[in-house]
Amino acid sequence: MSPNPGIRHVGPPVERAGQVQPISPAVVVDERLVFVAGQVPMRNGQPAGDDIASQTHYTIDLIEAILQRAGCTLADVVKTTVWLVHAQDYAAFNAAYAERFPAATAPARSTVIAGLIAPVRVEIEAVAVRPSA
């Protein structure tokens, strides 16, 4: 439980390699803003797919499931941050991303090239605004 009543953590806790991590899958602020932690395409300790398109779709599936638990959908996402391991993956990543976030309603996005801790090609975090009750 957060000491701030305006902050709600959405679980379950993140567990990696059998250890609970000090990471919340999402945090809801004042029941409006939803901050989804960076998600990577890992399934049962292995990368979920070999190519950037399948890894992108799997990562967005993870984000979508977390958003559902927080009362949102992908349509409520207003900002994403993307880390790609390889610059040459950008075009294929962008095409897969556009299948889930069409250009006309896509969230603001930052995309950077970076090394990742997990043996995957992409990591994505998201910020969403919950619909008014």
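Everything below is about the structure shown above.
Keep in mind that what you see is a predicted model, and the values were worked out from it rather than measured. (Residues numbered from 1 in each chain as written. Predicted model: local features only at pLDDT ≥ 70, side-chain atom pairs only at ≥ 80, totals over all residues. Heavy atoms only, no water.)

Draft legend 1. Broad picture of the layout of surface pockets. Empty space within the largest pocket amounts to approximately 680 Å³. Around the largest pocket, the lining comprises 24 residues; the ones closest to its centre are Val14, Glu15, Arg16, Gln39 and Val40. Contributions of two or more residues to the lining of the largest pocket are made by β2 (15-16), β5 (33-39), β6 (42-43) and α1 (52-69). Counting residues per element, the lining of the largest pocket draws most heavily on α1, at 4 residues. Of the residues assigned to the lining of the largest pocket, the class counts are 15 nonpolar, 4 polar and 5 charged. (1 Å grid on protein atoms, 1.4 Å probe; cavity = no way out; pocket = protein on both sides within 12 Å on 5 of 7 lines; lining within 4 Å. Points joined across faces, edges and corners; volume = space filled by probe spheres on them. Helix = DSSP H or I, 4+ residues; strand = E, 2+ residues; numbered from the N terminus. Nonpolar A, V, L, I, M, F, W, Y, C, P; charged D, E, K, R; others polar.)

Draft legend 2. The packing of α1 against helix α2 (residues 90-100), seen in detail. Where α1 meets α2, the closest approach of the two axes is 8 Å, and the angle between their N-to-C directions is 35 degrees. Helix-helix and strand crossings are classified by hand; for α1 and α2 the assignment is right-handed. Two secondary-structure elements touch here, α1 through Ile52, Ala53, Thr56, His57, Ile60, Asp61 and Glu64 and α2 through Ala92, Phe93, Ala96, Tyr97, Glu99 and Arg100. Partitioning the contact of α1 with α2 into residue classes produces 7 nonpolar, 2 polar and 4 charged. (Axes fitted to C-alpha atoms, helices over the stretch in contact; angles between N-to-C directions. Left-handed = near helix turned anticlockwise from the far one by under 90°. Contact = heavy atoms within 4.5 Å.)

Draft legend 3. Local environment of the environment of Ala75. Structurally, Ala75 can be placed in the loop between α1 and β8 (77-84). On the accessibility criterion, Ala75 (71% relative accessible area) is exposed. Note: C-alpha distance between Ala75 and Ala128 (53 residues apart in sequence) is 8.5 Å. (Buried < 20%, exposed > 50% of the residue type's maximum accessible area, 1.4 Å probe, protein only.)

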